[in-house]
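Structural overview for review
Listed below are the residues making up each chain.
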Amino acid sequence: AVVSTQSTGWTSTLIWDLLNFLVPSVLMLVLFQCFADNVKAFSGSNVFIVLLVEMLYGWAVIPLMYLLGHIFHNEVLAYTRLITLNVLTGTMASLVVFIL
């Protein structure tokens, strides 16, 4: 009974976080559709591929954040450090793509 309760809790939390990740992803695609007139990546069926990549990123990062959150003893410190890690790695990845 305890295992079932824990798995239900983690599953519902993961689903909630993925839904919360879906909303800004869709809004971002709407903005891209409105303002990126000549970009092929955001036209036709490519929009669904971009959304799929976004959601696969969320599917990979959200459980990673759950795991890394247990390293810290303070939740506020964990949240702050993990957000900083996400921003820095995202910025570095964008910079590498821009340079190459």
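Everything in this summary refers to the structure shown in the same document. Everything quoted here is computed from the prediction, not taken from an experiment.

This part takes up the overall build of the chain. Looking only at helices and strands, the chain has three helices and zero strands in total. Going from the N terminus to the C terminus, the chain shows its helices and strands as α-α-α. Since a compact globule built from 100 residues should have a radius of gyration of about 13 Å, the 17 Å found for the chain marks it as more spread out than a globular shape. With the C-alpha coordinates of the chain rotated into their principal frame, the extents come out at 55 × 30 × 20 Å. The buried share of the chain, reckoned over its 100 residues, is 14%. For the chain, the accessible surface area stands at approximately 8,000 Å², while carbon and sulfur atoms represent 75% of it.

Under the criterion given, the structure shown has two aromatic pairs. Relative to Y57, the ring of F21 lies with its centre 6.2 Å away and its plane at 40°, an arrangement referred to as tilted. Residue F21 is found in helix α1 (residues 2-35), and its partner Y57 is found in helix α2 (residues 46-69); the two are separated by 36 residues along the sequence. Looking at Y57, the relative accessible area reads 47%, which means it is partly exposed.

Moving on, we come to the packing of α2 against helix α3 (residues 75-99). Any two packed helices are characterised by the angle at which their axes cross and by the distance between the axes. Contact geometry of α2 with α3 gives a least axis separation of 10 Å together with a crossing angle of 140°. As summarised for this structure, α2 and α3 are arranged oblique, according to the angle between their axes. Where α2 crosses over α3, the two elements pack in a sense that is right-handed. Taking contact as the criterion, the partners of V61, M65, L68 and G69 in α2 are, on α3, A78, L82, L85 and N86.

Thresholds, definitions, all that
Residues numbered from 1 in each chain as written. Predicted model: local features only at pLDDT ≥ 70, side-chain atom pairs only at ≥ 80, totals over all residues. Heavy atoms only, no water. Helix = DSSP H or I, 4+ residues; strand = E, 2+ residues; numbered from the N terminus. Rg over C-alpha atoms; globule rule 2.2 N^0.38 Å. Buried < 20%, exposed > 50% of the residue type's maximum accessible area, 1.4 Å probe, protein only. Areas by Shrake-Rupley, 256 points an atom, 1.4 Å probe, with all protein chains shown as cover. Phe/Tyr/Trp six-rings, centres within 6.5 Å; stacked < 30°, edge-to-face > 60°. Axes fitted to C-alpha atoms, helices over the stretch in contact; angles between N-to-C directions. Parallel < 35°, antiparallel > 145°, perpendicular 65-115°, else oblique. Left-handed = near helix turned anticlockwise from the far one by under 90°. Contact = heavy atoms within 4.5 Å.

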